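Take a look at the letters that make up each chain.
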Amino acid sequence: MRTWYGKVPWSSIRKHEVYAWLSWSIYNAPFPSLESLPEDEQEILRSAMSMLEKRAGIAIPDGSNPDSSPLLLTLDPINVAWRPFVWYAFIAVGNSVLRQYLKVKWRASIETGPHPIVFVHGLGLGLIQYNIFLTQLMEAIPDRPVLVPLHPHASQEIFHPRFLNPMNRHESADCLAGLLRELDWVEQHRADNGEKLDDEPKDGQRPTGVTMVSHSNGSFTHAWLLKAHPEMIYRSCFVDPVTFCSWEGDLCYNFIYRRCATGLELLMKYFVGMELGVANFLQRHFDWSANSLWFQDIPNACDPSKTKFFLGGKDDVVDAERVKRYLTSHGIRKGLWFDPHGRHGEALLSGGKGHKEILRWLREAS
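Residues numbered from 1 in each chain as written. Predicted model: local features only at pLDDT ≥ 70, side-chain atom pairs only at ≥ 80, totals over all residues. Heavy atoms only, no water.

The protein chain has the name Alpha/beta-hydrolase in an unreviewed UniProt entry, where Somion occarium is given as its organism.

Now the structure itself:
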């Protein structure tokens, strides 16, 4: 709980600041005072406060302490570091060239291999950032088509009309699901009464469902599709996932509010966290409840052949140890690849152990 208050001592947190955090987390609204709210909202906030105090085992003191103000991500001022026009022009041209290059390189056919791959990228520079990994992925697994949905707000594509108006959970899931149907990569096997039947194809039929690989922020889109259309995802691979345990505030604090202590943190904050599209997405369009993925939302989560998790112990964004505890508490063992010295994104770097394990796991379905 302290993380949502900048990791101040627990003894300094007062009831007014807790109500402010609850008002934001439940209603995405500022908190002037309890008495100024409608009675039903007052009752909900009081009930939530009571549950928090029981869980903490202590009554939260009355009053207010401005020094322990909560992190209200979508209400606090947006932190943006401006970039010159030529920067965005370079990224747009670079990503456009890489799109054509990867299309030429792509030689897979829908009919040749099982379970096409969908790769959902994280925050950064789009294809410029992931080009090497995608090239090696296509070389290692040439028998399957690969789809890379490009998110303009997450890849600094400022010229895209949706740059400052990113898709929400339902729009993203429905759009991606519609595309997978259009590509004929998924089918819905259902009985006449509407009940879902076995996902396994009959003899002579092409396997249905995709292998979805997500990195970092891409795990939100991964989570949205799992919640809306779980039957479409045959296998799941989460690399540095930010969708787990996000209710605890470490992601919010580490990426937005924490003071930079190393050169790597400074570079990540300036080139990614404070970019206009990223900052607008995180600080004005971020839905914490929709973005949180729970263990029970993942089909076959404990089957290492169907679900794989990659975490780095020295991740500057994700509290990897906490996510590891959460996953292992639900019985995940062989499906978890944990590098105690790994950093954010390192598992995708060419030649590393994590990179080799990702490609090995993806090749299993060939």
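### Considerations on the pairing of strand 1 (residues 117-120)
Neither face of strand 1 is exposed, since Ile 117 and Phe 119 on one face and Val 118 and Val 120 on the opposite face are all buried. In the sheet, strand 1 pairs with strand 2 (residues 146-147) via 2 bridges, with the strands oriented parallel. Looking at the pairing, Val 118 lines up with Leu 147 of strand 2. As a crossover connection, the stretch from strand 1 through helix 4 (residues 127-140) into strand 2 is right-handed. Here strand 1 pairs with strand 3 (residues 210-215) via 4 bridges, running parallel. Bridged to Ile 117 within strand 3 is Thr 211. (Buried < 20%, exposed > 50% of the residue type's maximum accessible area, 1.4 Å probe, protein only. Helix = DSSP H or I, 4+ residues; strand = E, 2+ residues; numbered from the N terminus. Pairing = 2+ DSSP bridges. Right-handed = clockwise from strand over helix to strand, strands pointing away.)

### Quick word on the pattern of salt bridges
Per the counting criterion, the structure on display carries 11 salt bridges. One salt bridge in this structure joins Arg 322 and Glu 248, with 2.8 Å as the shortest N-O distance. Of this pair, Arg 322 sits in helix 11 (residues 320-329) while Glu 248 sits in the loop between strand 4 (233-239) and helix 7 (250-257), placing them 74 residues apart in sequence. Given a relative accessible area of 17%, Arg 322 falls into the buried group. You can call Glu 248 partly exposed: its relative accessible area is 24%. Linking Glu 357 and Lys 308 is a salt bridge whose minimum nitrogen-to-oxygen distance equals 3.3 Å. Residue Glu 357 is found in helix 12 (residues 353-363), and its partner Lys 308 is found in strand 5 (residues 307-312); the two are separated by 49 residues along the sequence. Taken individually, Glu 357 and Lys 308 each receive the classification buried, so the pair is uniform in this respect. Here the salt bridges share partners, and the residues they tie into one network are Arg 235, Lys 308, Glu 357, Arg 360 and Glu 364. (Salt bridge = Lys/Arg side-chain N within 4 Å of Asp/Glu carboxyl O.)

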